[in-house]
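Examination of the molecular architecture
Below, each chain spelled out in residue letters.
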Amino acid sequence: MMRLELVKRPQRSMLFSALSPFIAFGLTIIAGAILFALLGVNPLNAFRIYFIEPVSQVWQLHELAIKAAPLILIAVGLSVCYKANVWNIGAEGQFILGGIFGSAIPVLFPGFEGPLVLPLMLLFGMVGGAAYAAIPALLKTRFGTNEILTSLMLVYVAQFFLDWLVRGPWRDPQGHGFPQTIQFNDSAVLPELMPDAGRANWGFVFALIAAVLVWLLMSRLLKGFEVRVLGSSPRAGRFAGFGLNRMVFFAFLLSGALAGLAGISEVSGAIGQLQPVISPGYGFTAIIVAFLGRLNPLGIVAAGLVLALTYLGGEAVQSALGISDKVARVFQGMLLFFVLGCDTLIHYRIRLVGMALTKGAAKLEAAPKLKEAR
Amino acid sequence: MDITVNILLTIATAATPLLIAAIGELVVERSGVLNLGVEGMMIMGAVAGFGAGYLTGSPWIGLLAAIAMGAVFSLLFAVMTLSLATNQVATGLSLTLLGLGLSGMMGTGFVGQPGEKLPNLYIPVLTEIPVVGKLLFGQDPIFYISIALTAAVMWFLFKTRTGLTLRSIGDSHTSAHALGIKVIRYRYLAVMFGGACAGLAGGHLSLVYTPQWVENMSAGRGWIALALVVFASWRPWRVLAGAYIFGAVWIGQLHAQAFGIPVPSQLLSSLPYLATIVVLVLISRNKRLTMMNTPASLGQPFVPDR
């Protein structure tokens, strides 16, 4: 019988800090190969279809950017939350509310056109996401209510709210009864970056800007220091005069606003109208992106592209090999597992110990150490 | 009269999976471990239960498969958080995400297939008692398990030495370790018990509640079970009460939709989730109650020194 034993490192390992996402990705590939083999598919062939073919042409890279934009935007905000030890897992709901708030302008005022429309929509989207995120923040700071559960419950509520809007008051009267709003007018549609090459829109640029800004905030400004101190040691933070409640609000509002921006960018750029479902679980996948990117905004950009590829790959294997596109979710879940596991290597060395030997071996090891100590 | 009995019967059916999953998680949290993967273990139990029942034709085998799947799946969480000391919140989340994905993949062939339903157990003579008879003695087998489980966990936690040890680990793993208690071993068993319960709860969904496979059919029940544990301030009998309150909300909104009450059905559908938030706020306002009952080392990683 073997047992794992963790031995604390004197300091965090820089080597594994850099390597762990790559090890995790490698392990995911191995596990994925086993999974494909179990499904009766040649793993090499499956990987080619999953990871290479979806990004072999320029227009496909645009699709990758479309999928990566919301993931990066949301994950960058979540990274601030998780660094501050604030557990916002309701980004999916904040994404939806952002989409709804921003869409209010083109849906309720379809005649309103001009260059002002888009900025207003984006602003509304951010306000919507932030306002929705303020609910769990308020409940946590006022009543001490667990933010994990409240923010998650609000996701379900947001989904039902959107469903009601597009089937009820906001339904397109000329839409033949389909549950969707009117198509946005041209000035309410987020422009494409290079219309000749592919569909990628300004959402991806927003994501990159957000990543750089939050990176600056976290590494160069006092606020970022405050986040890290309060996250790792609330007691030390209090001595330094940092307010814990203010931090909870800051983290929730920032991540909510970014999720809301992602929501309205997706609706206005990639979809062009509101419909009952506007997200294939971006808000949850972004949690994986945040951790895979080591809660570092620049790492998150890379991680967002990887996770976007898992979405595209899932669609590709479904159409080419007839495997359920749920395989994407499995890949994403495994990836997060392996990342978390590999992170242990940063703080600990792992040793395999034989169960039967431990007691005797411990004594034997302890004896010489005592001598050395003297 | 019959309508009331029928409504009460459906409330019990809706409450049972919440109760079982929450009781399992209660034991896990009493040992000081926070497993946010209940939703994932539940949906894995549901797909395994349906699949095994569908393939073998026996709902009983399905039931066993659901329990086994929940326990095995929770082992993944246990290895990560207990042996590798990973962050429990993040690991639990990833267990849920993985479970939702895996179950969706495993269940692709089951969509739209007729499932096996566990037969109700009618206890002779007792079932004949008017009103109460059908309610207490004419239910599905998992209902009886859920009640017995609640009583057993109550007895175990507060009347046995092992239960006391488990609670002491939850309150201070360092002290327990210093006393020579095998903290990690206890926690492994607790997590697997919680997993088995969540699996059983999932099996109830796909073998009793709606005997078919629908993707994401747990619909947030695992999360509500987690909220129930907090609501119950880690007391088994309060979990029982809470589960039935939520069962009533769940059934109430379904009946309200069926009666065509002039309120958007989406608002009614979101009631259980809104109720969860309200209940959590009400309970957390009482700081003393929460502080006194929360296992002190809940959610903190533990690495035994030698």
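Residues numbered from 1 in each chain as written. Chains lettered and ligands numbered in written order. Predicted model: local features only at pLDDT ≥ 70, side-chain atom pairs only at ≥ 80, totals over all residues.

Another point: the overall build of chain A. Within chain A, the secondary structure is distributed over 14 helices and two strands. Taken along its principal axes, the extent of the C-alpha atoms in chain A is 85 × 60 × 35 Å. A burial count over chain A gives 49% of its 374 residues as buried. Pairs at least 24 residues apart make up 79% of the contacts formed inside chain A by residues separated by at least 6 positions. (Helix = DSSP H or I, 4+ residues; strand = E, 2+ residues; numbered from the N terminus. Buried ≥ 20, exposed ≤ 12 C-beta atoms within 10 Å, placed from the backbone. Contact = placed C-beta atoms within 7 Å.)

All right, on to the interface of chain B and chain A then. Each partner contributes to the interface: chain B provides 40 residues, whereas chain A provides 41 residues. At 12 residues, helix 4 (residues 88-106) of chain B tops the list of elements feeding residues into the side of chain B that touches chain A.

Now for the confidence of the model for chain A. Per-residue pLDDT for chain A has a mean of 87; in total, 94% of the residues score no lower than 70. Scored below 50 in pLDDT, residues 357-374 of chain A makes two contacts in the model with residues more than four places away or belonging to other chains. (pLDDT = per-residue confidence, 0-100.)

Residue and element names in this part refer to chain A. Their axes nearest at 7 Å, the elements helix 3 (residues 58-83) and helix 10 (residues 244-271) cross at an angle of 170 degrees. When the axes of helix 3 and helix 10 are compared, the pair comes out roughly antiparallel. From helix 3, Ile-66, Ala-69, Pro-70, Leu-73, Ile-74, Val-76, Gly-77, Leu-78, Val-80 and Cys-81 reach across to helix 10, where they touch Ala-251, Phe-252, Leu-254, Ser-255, Leu-258, Ala-259, Leu-261, Ala-262, Ser-265, Glu-266 and Ala-270. Here the contact of helix 3 with helix 10 is built from residues that sort into 17 nonpolar, three polar and one charged. (Axes fitted to C-alpha atoms, helices over the stretch in contact; angles between N-to-C directions. Parallel < 35°, antiparallel > 145°, perpendicular 65-115°, else oblique. Nonpolar A, V, L, I, M, F, W, Y, C, P; charged D, E, K, R; others polar.)

The subject of this paragraph is the confidence of the model for chain B. Here chain B shows a mean pLDDT of 89. Residues at 70 or above account for 97%. With a pTM of 0.89, the predicted complex shows an ipTM of 0.87.

Bringing the packing of helix 7 (residues 202-220) of chain A against helix 8 (residues 222-232) of chain A into the picture now. Residue and element names in this part refer to chain A. Helix 8 packs onto helix 7 with a crossing angle of 70 degrees between their chain directions and a minimal axis gap of 5 Å. As summarised for this structure, helix 7 and helix 8 are arranged roughly perpendicular, according to the angle between their axes. Taking contact as the criterion, the partners of Leu-217, Met-218, Ser-219 and Arg-220 in helix 7 are, on helix 8, Lys-223, Gly-224 and Val-227. Class assignment of the residues belonging to the contact of helix 7 with helix 8 gives a composition of three nonpolar, two polar and two charged.

Residues and elements named next belong to chain A. Despite not being glycine, His-176 shows a phi value in the positive range, around 55 degrees. With respect to the helices, strands and loops of the structure, His-176 is situated in the loop between helix 6 (147-167) and helix 7. The phi dihedral of Arg-294 falls on the positive side, at around 55 degrees, and the residue is not glycine. Along the polypeptide, Arg-294 turns up in the loop between helix 11 (282-292) and helix 12 (297-321). Classification of Arg-294 as partly exposed rests on a count of 19 C-beta atoms within 10 Å.

Next up on the list: the environment of B:Phe73. Residues and elements named next belong to chain B. With respect to the helices, strands and loops of the structure, Phe-73 is situated in helix 3 (residues 59-83). For Phe-73, a count of 28 C-beta atoms within 10 Å corresponds to the buried category. Remark: the alpha-carbon pair of Phe-73 and Met-41, spanning 32 residues in sequence, is separated by 6.4 Å. Filtering out sequence-adjacent residues up to four positions away, Phe-73 remains in contact with Met-41, Met-44, Gly-99 and Gly-195.

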